[in-house]
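# Examining the three-dimensional arrangement
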Amino acid sequence: MEQIRIKGRKPLRGTIPISGAKNAALPLMVAGLLTDQPLTLRGVPGLDDIDTMAELLHNHGAQIDRDDSGDLGLTLTLTAKGPIDTVAPYDLVNRIRASVLVLGPLLARTGEATVSMPGGDAIGIRPIDLHIKGLEEMGAEIRLEGGDVHAKAPNGLTGANIRFPFVSVGATENLLMAATLARGTTILENAAQEPEVTDLAKCLSAMGANIHGIGTQCLVVQGVDALHGADHTVVPDRIEAGTYAVAAAITGGELVLDGADPDHLGAVFEALGHAGVNVSIGLGKLRVSHPTGQCRGFDVMTKAFPGFPTDMQAQFMALMAVANGASLITETIFENRFMHVPELVRMGADVTVHGNSAMVRGNPALRGAPVMATDLRASVCLVLAGLAAEGETIVNGVFHLDRGYERLEDKLRAVGADIERVGQPD
Ligand code: EPZ
């Protein structure tokens, strides 16, 4: 099994290039199903999840040309000329939850879809009831049987007024894509405003979709008969940027995050500022530093964008684990997103979980230990803790990291981390 070995307490200094956002690239790839014309995506991160999504879309009949010659990530050109295979099988859907995003586009393009229900994962049950309910409001007939979602819209989809009871990134993306080819107008109220959703909406507009309210909680979509191709560059990954900002702070170093968009990181930088971390923005670069590596404790509560992102919760907990003082971290988005806590405790962290809140009492003297990653963000939390800890940390379950962080150990080693990948791939 592959592992990441880290020897801690090395201040990181230098520049880290930020890759394209995984959570934007995945729905953008699915948007290729909405047209028979080529959709070119630039700055796509080289990640396992991207490869899995490409395999799924190929299974649906899309041709995918891949160019990794550029130094700004992959360029993918997706062409779904047809015939379109409308079945998303369990073995693929089970590997990547974002597969459920093909449901709306398949219905909109072909009038039918059979998509395996994505299972839950480490962070929660993760139902898709809002996706299904919204598509039914748009006229789809949906039946759940044998672990699959069987959906039909023989006369096409019809625009509807849909109000989400709470913010869902995936449901917003699924219904937004479906609405672009529906008859009439669809209004999505209480829509997600995450930058990745906005990036998808901008790409769909470039493909000929008629969308108003982009970037707001109310998206108004006027369906069109067909979409055409486009050439779109993926937004930078705000969670990767936030992760490396924490790496600078937790090691008492100074990092320039090259390519990050500060407009996507407001809540993260506000929290880091309260914790005593210096963040400066200039000439298109973000500079993050902390002279002593010892932050003040600060409370955060995860919220939908523009609030503090749930995908930064584990990383922030690593920083608070070595802070001078106590912090209360409350997770309001997922029901089980504290799987990193027992592993942090193995390294000497003082964390007590009460329901969806964790009380973190800072201990500047974390000690390296063998630890086990359980999900994508928990794994990078343990890497961050290892960068700050005395001695050697071995992170097991490296495959989680490869799903969402492009060349993590190369990027960290280039700015002074003593980190390497050891062992053999599974
Ligand atoms: C997206 O997941 C991201 N994944 C997640 O990132 C991110 O944590 C999440 O949004 C929240 O920002 C991708 O974009 C590929 P949701 P998604 O629908 O769309 C519940 C990472 O680490 N819910 O906004 O699945 C759900 O269970 C990943 O990169 C329903 O109850 O998240 C959760 O509790 C992890 N019914 C909450 O809503 C539904 O129909 C928010 O989920 C849909 C969601």
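Read on for an overview of the structure. (Residues numbered from 1 in each chain as written. Predicted model: local features only at pLDDT ≥ 70, side-chain atom pairs only at ≥ 80, totals over all residues. Heavy atoms only, no water.)

### Description of helix H8 (residues 238-250)
Keep this limit in mind: Here a strand is any run of E in DSSP of at least two residues, a helix any run of H or I of at least four, and the numbering for each starts at the N terminus. Residue count minus one, scaled by 1.5 Å, sets the expected span of a helix. A simple rule labels every residue: compare its accessible area, found with a 1.4 Å probe on the protein chains alone, to the largest value its type can have, and call it buried under 20%, exposed over 50%, or partly exposed in between. Polar contact criterion, stated in full: a pair of N or O atoms within 3.5 Å, where within protein one must be able to donate a hydrogen and the other to accept it, and residues adjacent in sequence count only if both atoms are side-chain atoms.
A rise of 1.5 Å per residue sets the reference length of H8, with its 13 residues, at 18 Å; its end C-alpha atoms lie 18 Å apart and thus fit the reference within 8%. Counting buried residues in H8 gives 13 out of 13 residues, a clear majority hidden from the surface. Measuring from the backbone nitrogen of isoleucine 239 back to the side-chain oxygen at the start of H8 gives 2.9 Å, which picks out aspartate 237 as the cap. Trailing H8 by a residue or two, glycine 252 shows a phi angle of about 65 degrees, which is positive.

### Description of the packing of aromatic side chains
The following threshold applies: Stacked, tilted and edge-to-face pairs are distinguished by plane angle, under 30 degrees for stacked and over 60 for edge-to-face with tilted covering the rest, among Phe, Tyr and Trp rings (Trp via its six-membered ring) whose centres lie within 6.5 Å.
If you walk through the whole model with that rule in mind, you get 1 aromatic pair. Taking 5.4 Å as the distance between ring centres and 70 degrees as the angle between the ring planes, the aromatic pair formed by phenylalanine 308 and phenylalanine 316 counts as edge-to-face. For phenylalanine 308, a relative accessible area of 6% corresponds to the buried category. The exposure class assigned to phenylalanine 316 is buried, which follows from its relative accessible area of 1%.

### Describing the packing of H8 against helix H10 (residues 313-321)
Threshold: Under this scheme, a helix contributes an axis fitted over its contacting stretch, all axes are lines through C-alpha atoms, and angles between N-to-C directions fall in the 0 to 180 degree range. With respect to orientation, any angle under 35 degrees is reported as roughly parallel, any angle over 145 as roughly antiparallel, any angle of 65 to 115 as roughly perpendicular, and every other angle as oblique. Residue contacts are counted whenever heavy atoms from the two residues lie within 4.5 Å of one another. Three classes are used, and their members are as follows: Ala, Val, Leu, Ile, Met, Phe, Trp, Tyr, Cys and Pro are nonpolar, Asp, Glu, Lys and Arg are charged, and the others, Gly among them, are polar.
Close contact between H8 and H10 brings their axes to 10 Å; oriented N to C, the two are set at 5 degrees. Between H8 and H10, the angle falls in the class roughly parallel. On the side of H8, the interface is formed by Ile239, Thr243, Val246, Ala249 and Ile250, while H10 contributes Gln315, Ala318 and Leu319. When grouped by side-chain class, the residues that make up the contact of H8 with H10 number 6 nonpolar, 2 polar and no charged.

### So, the pattern of salt bridges
To keep things clear, this is the line we draw: The term salt bridge refers to a side-chain nitrogen of Lys or Arg lying within 4 Å of a carboxyl oxygen of Asp or Glu.
Tallied over the entire structure, the rule returns 20 salt bridges. Linking arginine 421 and glutamate 2 is a salt bridge whose minimum nitrogen-to-oxygen distance equals 3.1 Å. Of this pair, arginine 421 sits in strand S24 (residues 418-422) while glutamate 2 sits in the segment before strand S1 (3-7), and the two are 419 residues apart along the sequence. Residue classification places glutamate 2 among the buried residues on the basis of a relative accessible area of 18%. With its nearest N and O atoms 2.7 Å apart, the salt bridge here joins arginine 421 to aspartate 402. One end of the pair, arginine 421, is in strand S24; the other, aspartate 402, is in helix H13 (residues 399-404), with 19 residues separating them in the sequence. Judged by its relative accessible area of 27%, arginine 421 falls in the partly exposed class. One salt-bridge network, in which partners are shared between bridges, spans Glu2, Asp402, Glu409 and Arg421.

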